[in-house]
Amino acid sequence: MDKTTEPAEQPKFLRVTEVASLLECSESHAYKIIQKLNKELEARGAITVAGRVSRRYLMERLYC
């Protein structure tokens, strides 16, 4: 299959610059949001990475 016709796959995790851009906020505020979301995920038993957040979880929490 021709790779140019396939849609680009979005990354599963967002970094602070992507969160800041998406939310139109400063990077320091984006870090605070990521930290809060990662604490919620850890409470559910998930493994998290500092400075990154699951795209799916961010969208779920923002638009519910």
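Residues numbered from 1 in each chain as written. Predicted model: local features only at pLDDT ≥ 70, side-chain atom pairs only at ≥ 80, totals over all residues. Heavy atoms only, no water.

(A) Representation of helix H3 (residues 55-62) within the structure. Considered for burial, the residues of H3 that qualify are Arg 55, Tyr 57 and Leu 58. Angularly, the buried residues of H3 cover 165 degrees about the axis, an arc narrow enough to put them on a single face. For H3, the elements touching its buried residues are strand S1 (13-15), helix H1 (16-23), helix H2 (27-43) and strand S2 (52-54). (Buried < 20%, exposed > 50% of the residue type's maximum accessible area, 1.4 Å probe, protein only. Helix = DSSP H or I, 4+ residues; strand = E, 2+ residues; numbered from the N terminus. Arc of directions from axis to C-beta. Contact = heavy atoms within 4.5 Å.)

(B) H1, seen in detail. Turning to H1, its buried residues are Val 16, Val 19 and Ala 20. Around the axis of H1, the buried residues are gathered within 100 degrees of arc, so they sit on the same side. Downstream of H1 by one or two residues, Glu 24 has phi in the positive range, about 55 degrees.

(C) Inspection of unusual backbone geometry at higher detail. Even without being a glycine, Glu 24 presents a positive backbone phi close to 55 degrees. Position of Glu 24 among the secondary structure elements: in the loop between H1 and H2.

(D) Structural detail: the side chain of Arg 55. Relative to the helices and strands, Arg 55 is located in helix H3. It turns out Arg 55 is buried and unbridged, and the closest side chain with the opposite charge, Glu 18, is 5.4 Å from it. (Lys, Arg positive; Asp, Glu negative; His and termini not counted. Salt bridge = Lys/Arg side-chain N within 4 Å of Asp/Glu carboxyl O.)

(E) Quick peek at a nonpolar patch on the surface. Together, Leu 22, Leu 62 and Tyr 63 make up an exposed nonpolar region whose accessible area comes to about 300 Å². Note on placement: Leu 22 falls in helix H1. (Patch = residues over 30% accessible without salt bridge, like charges linked within 9 Å, V, L, I, M, F, W, Y side chains within 5 Å. Areas by Shrake-Rupley, 256 points an atom, 1.4 Å probe, with all protein chains shown as cover.)

(F) Inspection of the packing of H1 against H2 at higher detail. Two numbers describe how H1 lies on H2: the axes approach to 8 Å, and their chain directions differ by 105 degrees. Between H1 and H2, the crossing angle belongs to the class labelled roughly perpendicular. Within the contact between the two elements, H1 uses Val 16, Thr 17, Val 19, Ala 20 and Leu 23 and H2 uses Glu 27, Ala 30, Tyr 31, Ile 33 and Ile 34. (Axes fitted to C-alpha atoms, helices over the stretch in contact; angles between N-to-C directions. Parallel < 35°, antiparallel > 145°, perpendicular 65-115°, else oblique.)

(G) Layout of the packing of H2 against H3. The geometry of H2 relative to H3 is characterised by a closest axis approach of 11 Å and an angle of 105 degrees between their N-to-C directions. Between H2 and H3, the angle falls in the class roughly perpendicular. Between H2 and H3, the contacting residues are Leu 37, Glu 40 and Leu 41 on the first element and Tyr 57, Leu 58 and Arg 61 on the second. When the residues that make up the contact of H2 with H3 are grouped by side-chain class, the tally is four nonpolar, no polar and two charged. (Nonpolar A, V, L, I, M, F, W, Y, C, P; charged D, E, K, R; others polar.)

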